[in-house]
Amino acid sequence: MRFNENESLEAARSRNIRDALMEDIGLGDWSAQLVSSERKARARVVAKEEAVLCGQAWFEGCIRFLDTVASIKWEAHDGDNVAAGTLLCTIDANARALLSAERSALNFLQMLSGVATQTRRFVDAVATASPNPRGCLVLDTRKTLPGLRQAQKYAVRAGGGSNHRMALWGGILIKENHIETAGSISAALDLARGLNASVDIQIEVESLDELCAALRHGATNVLLDDFTLDDVREAVSITAGRAVLEVSGGVDLQRIRDIAATGVDRISVGKLTKDVRAIDLSMRVIS
């Protein structure tokens, strides 16, 4: 099965905003009708904890979907570290529109700031640890919240991380089930190359023997799945720069620095987008 196009960040953001407002407002916001339709309001958003800010465009989109002339003045920007108590923005808008958009707008800002903040922690954890002259990238995975792939991967970038393939259309990753179905590592690699897809081909291996088999067949991008630290070190030695090496599986803040110190090129972390804890933010109407 295939679709007509690969969704862009801009298209995904528009869909996210419309979907969020539709599910929250539906046929109408009864509570917002407690205020006059002509009333204007000013509100401020403040961070209640330290964070990396992310999600401004989603936040603004929710408000301007309901009030196209709303004014939003930001005091911080995506990717900025902000302390608890920091004023993030001031909004001037139609009061009903602001009240109706509040929850959806904050949900995006809190969730995406959570992803960016978590990513920054992992990126900071590997800083200066790697002996690899190319350094060691912290990557996300496809373990994202349904419908929010583009948004969460944007937040990873805002936090200083890098993106693995955006989606199935973004690259070929040969996993254990593909290898089993194809019959062997060499057969799977040959089939992938035969597609002439003009995308990167990566193969997942689960042992040093499988790594050697992949390298013998010309693999240039290898994912080491659930390797011990000793085996990762051995894999780096065996590969000797012939392929990009990525570590995946069970990576947390306690282990990631030790993994980077082995000299691998990349470490992918599902926790960046899968185990999301939203940042605590507050919006208050002040006039």
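What comes next is a walk through the structure. If you're wondering where the values come from, they're calculated on a predicted model, not measured in any experiment.

## Concerning the pairing of strand E8 (residues 201–205)
- In terms of burial, E8 is largely enclosed, as five of its five residues are buried.
- Alternating positions in E8 separate into two faces, Ile201, Ile203 and Val205 on one and Gln202 and Glu204 on the other, with burial throughout.
- Where E8 lies against strand E9 (residues 221–225), three bridges are found, and the strand directions are parallel. Within the sheet, the bridge partner assigned to Val205 lies in E9 and is Leu224.

## Here we look at the pairing of strand E3 (residues 71–74)
- Along E3, the buried face is formed by Ile72 and Trp74; none of Ser71 and Lys73, which line the opposite face, is buried.
- Pairing of E3 with strand E5 (residues 87–94), which is carried by four bridges, proceeds in the antiparallel orientation. Paired with Trp74 across the bridge in E5 is Cys89.

## Side note on helix H8 (residues 229–239)
- Turning to H8, its buried residues number three or more, namely Val232, Ala235 and Thr239. Viewed end-on, H8 has its buried residues packed into an arc of 55°, placing them on one side of the element. In H8, the exposed positions angled more than 90 degrees off the buried face are occupied by Asp230 and Ser237.
- At its buried positions, H8 is contacted by helix H7 (208–216), E9 and strand E10 (244–248).

## Observations concerning the packing of helix H1 (residues 9–25) against helix H4 (residues 149–158)
- Contact geometry of H1 with H4 gives a least axis separation of 9 Å together with a crossing angle of 120°. By the criterion of interaxial angle, the relationship of H1 to H4 is oblique. Of the residues in H4, those in contact with Leu9, Ala12 and Asn16 of H1 are Gln150, Ala151, Tyr154 and Arg157.

## Overview of the packing of aromatic side chains
- In the structure shown here, the tally under the stated rule is two aromatic pairs.
- Taking the centre distance of 5.4 Å and the plane angle of 45° together, the rings of Trp58 and Tyr154 count as tilted. One end of the pair, Trp58, is in helix H2 (residues 56–66); the other, Tyr154, is in helix H4, and 96 residues separate them in sequence.
- Assessed through its relative accessible area of 1%, Trp58 is described here as buried.
- Arranged with centres 5.5 Å apart and planes meeting at 70°, the rings of Phe59 and Trp74 form a pair that is edge-to-face.

## Details of unusual backbone geometry
- Residues other than glycine seldom take positive phi values, yet Thr128 does so here, at roughly 70°.
- On the basis of relative accessibility, which here comes to 76%, the residue Thr128 falls in the exposed class.
- The phi angle at Asp226 is positive, at roughly 55°, despite the residue not being glycine.
- By the element assignment, Asp226 lies in the loop between E9 and H8.

Cut-off values and rules
Residues numbered from 1 in each chain as written. Predicted model: local features only at pLDDT ≥ 70, side-chain atom pairs only at ≥ 80, totals over all residues. Heavy atoms only, no water. Buried < 20%, exposed > 50% of the residue type's maximum accessible area, 1.4 Å probe, protein only. Helix = DSSP H or I, 4+ residues; strand = E, 2+ residues; numbered from the N terminus. Pairing = 2+ DSSP bridges. Arc of directions from axis to C-beta. Contact = heavy atoms within 4.5 Å. Axes fitted to C-alpha atoms, helices over the stretch in contact; angles between N-to-C directions. Parallel < 35°, antiparallel > 145°, perpendicular 65-115°, else oblique. Phe/Tyr/Trp six-rings, centres within 6.5 Å; stacked < 30°, edge-to-face > 60°.

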